[in-house]
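Remarks on the overall topology
The primary structure of each chain is shown beneath.
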Amino acid sequence: MDAFSSTFLSTLSQHPKSLLSPNHYSTNTSSSPILKVSSVRTEERPQTTTITTTRTKPSQEKPTPSQPKPTPKREPIPSRKPPQPSFPAIIFNVLDDFVNTFIDPPMRSSVDPKYVLSNNFAPVDELPPTECEVVKGSLPPCLDGAYIRNGPNPQYLPRGPYHLFDGDGMLHSIRISQGKATLCSRYVKTYKYNIEREAGSPVLPNVFSGFNGLAASAARGSIAAARAIAGQFNPANGIGLANTSLALFGGKLFALGESDLPYAVKIAPDGDVITLGRHDFDGKLLMSMTAHPKIDPETNEAFAFRYGPMPPFLNYFRIDPNGEKTQDVPIFSMTRPSFLHDFAITKKYALFSDIQIGMNPIELITGGSPVGTDAGKIPRLGVIPRYAKDESEMKWFDVPGFNIVHAINAWDEDGGDTIVLVAPNILSVEHTLERMDMIHACVEKVKIDLKTGMVSRHPVSTRNLDFGVINPAYVGKKNKYVYAAIGDPMPKVAGIAKLDVSVAEVDRRDCIVACRLFGEGCFGGEPFFVAKNPNNPTADEDDGYVVSYVHNEKTGESNFLVMDAKSPKLDIVAAVKLPRRVPYGFHGIFVRESDLMKL
């Protein structure tokens, strides 16, 4: 979906005092747990609440060698007055406010910022590298490195429609070294973030919330075009958010969002998160790419795609271990624009899903979103050789009722004549963008017989599961275990379920073999698996740890949890109390110390 499908809601130079305080954000370091809301930013003070867990005894801590001097903070958060807007900017802000108030106010809960940004979805300000406290157990040596999670965190408080997917990307990184942990939260310094910070107000349009109906689309599109003509922004520099995921390939770590090119980032020795810049692979990558590239652990190749509203609606490509991008393979057999968020690879093939969510001009004409569902469309799975130079060998298979947004894994069987795909199937696809709390996704295993064209399916679990991950060493080959987030309801995550997908189709039992619920009022996010011995080819697939950020909505406290992936209850082996809350977000990655040093 292209970035010009909606618009950020501009704020006037003066907010109504009944809504927001007139003060700009400050750098006060007081320890109040109350969220401070300003006319342009939301800032959270560090928490002083403690959690009821056993503290690590000093005698159990390993001695650490003297640490190098911390590197200077690259992104200070100075107390400063907002810049004075130019006269054209004032006019555009007034027009934005008129549209948000009279033409397209946030009437639906899915785009009402008072609802969308409530509780732990509320944004936080940047946090420089800050030492954390291990309050339970100890951090295993294999976690030396950094766990980094991406997610939306709007730089400015919206006054009109706002969707959860519209927030600026912020990376929350916990840097671990010899049992010690440091948390840092930084915005991805995208082009959009930088020009809006310089302007002191929103400039670029949103992706998901603003273009609903012809009147709103025409009004916001005209304002965006006028801003570009006036020189407030240059669309050629991209307008993406980089708020969805992260991936390590081609010798670089990228923050990703599918409406723009990737942004290269790095983690400094002191734990700071640094944005290196927008990356186009020597001019070979145009416009955008998926936020879910697949990295083959054996070849270190990255397989990816981009999609959009103009034909060819899908382009497939790969990036070699040296960061060289191959030519696009346009897929013209995808005849309609589809919402194609994720895909899967095997050792021989790449699999794409053509689901019931896509561009819907009729909805736009009748006052709805240009992205909607088509109940009459039959979902398909497309299979193409993963090293294809064109789409001549592309095959499509109808799979009625199979709508996937995320893919977990896929592999070849029967000498490559059969493909197995594991993915959560969204049973209520019509609620995907409007009512995420009503989504129910059941993990299914789908088998495609390439010789006969037969497709068979069976449920792996009927529980509401998404954000499924595996041991990264098993991408593209047969795996046994999946770790998935339990929706209660989505997008909140009440716990983690471990699935055994090797259970035979004839055995109709639920495949959940381990489970951990975080407790009343506690919610986490996507899990991530970290192997104990990644270089040991004989190690058990589940010999490692599952990690995630977890937030307690009763105390306002956030923790980083480390769970034993082998244990029947995913036992907590370490808990790190974070110096301030981490908002709910999307996808993350763990990068080992050896790889961090290469960035």
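Residues numbered from 1 in each chain as written. Predicted model: local features only at pLDDT ≥ 70, side-chain atom pairs only at ≥ 80, totals over all residues. Heavy atoms only, no water.

Under an unreviewed UniProt entry, the name given to the protein chain is Carotenoid cleavage dioxygenase 4, chloroplastic, and the source organism is Datura stramonium. Under Cofactor (unreviewed entry), UniProt gives the following word-for-word description of the protein chain: "Fe(2+)". Under the Sequence similarities (unreviewed entry) heading, UniProt states for the protein chain: "Belongs to the carotenoid oxygenase family." (UniProt positions renumbered as here; feature names shortened; annotations may be inferred.)

Attention shifts here to a nonpolar patch on the surface. A surface patch of nonpolar side chains, about 310 Å² in accessible area, is lined by Phe87, Ile91 and Leu95. With respect to the helices, strands and loops of the structure, Leu95 is situated in helix α1 (residues 87-103). (Patch = residues over 30% accessible without salt bridge, like charges linked within 9 Å, V, L, I, M, F, W, Y side chains within 5 Å. Areas by Shrake-Rupley, 256 points an atom, 1.4 Å probe, with all protein chains shown as cover. Salt bridge = Lys/Arg side-chain N within 4 Å of Asp/Glu carboxyl O. Helix = DSSP H or I, 4+ residues; strand = E, 2+ residues; numbered from the N terminus.)

Here we come to unusual backbone geometry. For the bond running from Asp488 to Pro489, omega is -20 degrees, close enough to zero to count as cis. Here Pro489 is to be found in the loop between β27 (481-487) and β28 (493-500). Across the junction of Met490 and Pro491, the peptide omega takes the value 10 degrees, indicating a cis bond. Its identity as a non-glycine residue notwithstanding, Gln178 has a phi of 50 degrees, on the positive side. Given the relative accessible area of 36%, Gln178 is considered partly exposed. One non-glycine residue, Phe281, lies in the positive phi region at around 55 degrees. Summarising the element assignment, Phe281 is placed in the loop between β11 (273-278) and β12 (294-295). Its relative accessible area of 3% is what places Phe281 among the buried residues. (Buried < 20%, exposed > 50% of the residue type's maximum accessible area, 1.4 Å probe, protein only.)

Turning next to helix α3 (residues 191-199). Side chains of residues three or four places apart in an α-helix project in the same direction, reflecting 3.6 residues per turn. All of the buried residues in α3 are Tyr191, Lys192, Tyr193, Ile195, Glu196 and Arg197. Buried positions along α3 lie against β7 (180-187) and β10 (263-267). Positioned one or two residues after α3, Gly200 has a phi angle of 80 degrees, which is positive. (Contact = heavy atoms within 4.5 Å.)

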